[in-house]
Amino acid sequence: ALYGCDAPQIQALIAERPELAQRIHSDLPYTMADAVWSIQNEMARKVEDILSRRTRILLLNAQAAIDSADRIAQLLAQELDESEAWAQSEAESFRTLARDYTLKPVAG
């Protein structure tokens with residue numbers, strides 16, 4: 001439903017790699033296949049690209065996005081042939097950004 005006419009190709013990714021059927025976060029409908037699709041076909045190169053721009057998880061549930069940062073960074077590193085250090089840096093950079101999207105107590 002998210003990708004319209006691209007949905008059959010995303011389903012084909014899942015058929016090739018069944019582990020991609022897993023959800024990025026259990027509270028939301030987006031799958032790891034959605035993330036791989038965005039890496040392979042939409043030039044997603046950062047955790048923010050996937051969790052904010054492609055899936056909108058950051059806007060829907062900032063804590064879920066923070067919780068998913070490591071998982072998506074690892075996937076990006078695998079797909080883009082990046083190092084573990086790159087993945088860790090990318091995840092931490094995203095978490096820093098995402099903290100501004102969480103609710104904070106209001107004084108007064």
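In what follows, the accompanying structure is described. The structure displayed is predicted, hence computed values, not measured ones. (Residues numbered from 1 in each chain as written. Predicted model: local features only at pLDDT ≥ 70, side-chain atom pairs only at ≥ 80, totals over all residues. Heavy atoms only, no water.)

Brief notes about the overall build of the protein
Thought 1: The helix and strand inventory of the protein stands at 6 helices and 0 strands.
Thought 2: The globule rule puts the C-alpha radius of gyration for 108 residues at 13 Å, and the 14 Å found for the protein is close to it.
Thought 3: The principal-axis extents of the C-alpha atoms in the protein amount to approximately 55 × 30 × 20 Å.
Thought 4: Counting all 108 residues of the protein, 42% fall into the buried class.
Thought 5: Relative to all contacts within the protein whose residues are 6 or more apart in sequence, the contacts with residues 24 or more apart total 56%.
Thought 6: Surface accessibility of the protein: about 6,200 Å² in total, with carbon and sulfur atoms responsible for 50%.
Thought 7: Computed over 11 positive and 17 negative side-chain charges, the separation of the two mean positions in the protein equals 5 Å. (Helix = DSSP H or I, 4+ residues; strand = E, 2+ residues; numbered from the N terminus. Rg over C-alpha atoms; globule rule 2.2 N^0.38 Å. Buried < 20%, exposed > 50% of the residue type's maximum accessible area, 1.4 Å probe, protein only. Contact = heavy atoms within 4.5 Å. Areas by Shrake-Rupley, 256 points an atom, 1.4 Å probe, with all protein chains shown as cover. Lys, Arg positive; Asp, Glu negative; His and termini not counted. Charge placed at Lys NZ, Arg CZ, Asp CG, Glu CD.)

Structural notes on the nonpolar core
Thought 1: Of all hydrophobic cores here, the largest spans 33 residues; its most connected members are I24, V47, I50, L51, I57, I72 and F94.
Thought 2: Secondary structure elements with two or more residues in this core: α1 (7–16), α2 (32–41), α3 (47–54), α4 (57–60), α5 (62–80) and α6 (84–98).
Thought 3: The biggest single contributor to this core is α5, with 10 residues. (Core = buried A, V, L, I, M, F, W, Y, C linked by side-chain atoms within 4.5 Å.)

Brief notes about the packing of α3 against α5
Thought 1: Close contact between α3 and α5 brings their axes to 8 Å; oriented N to C, the two are set at 130°. Taken as axis vectors, α3 and α5 run oblique relative to one another. In this structure, α3 crosses over α5, and the sense of that crossing is right-handed. Residues V47, I50 and L51 of α3 lie in contact with α5, whose contacting residues are A65, S68, A69, I72, A73 and L76.
Thought 2: The residue inventory of the contact of α3 with α5, partitioned by class, reads 8 nonpolar, 1 polar and no charged. (Axes fitted to C-alpha atoms, helices over the stretch in contact; angles between N-to-C directions. Parallel < 35°, antiparallel > 145°, perpendicular 65-115°, else oblique. Left-handed = near helix turned anticlockwise from the far one by under 90°. Nonpolar A, V, L, I, M, F, W, Y, C, P; charged D, E, K, R; others polar.)

Let's talk about unusual backbone geometry
Most peptide bonds take the trans configuration, and most residues that are not glycine carry a negative phi.
Thought 1: Positive phi, normally seen in glycine, also occurs at M43, with a value near 60°.
Thought 2: Position of M43 among the secondary structure elements: in the loop between α2 and α3.
Thought 3: Unlike most non-glycine residues, R56 shows phi in positive territory, near 70°.
Thought 4: Secondary-structure assignment places R56 in the loop between α3 and α4.

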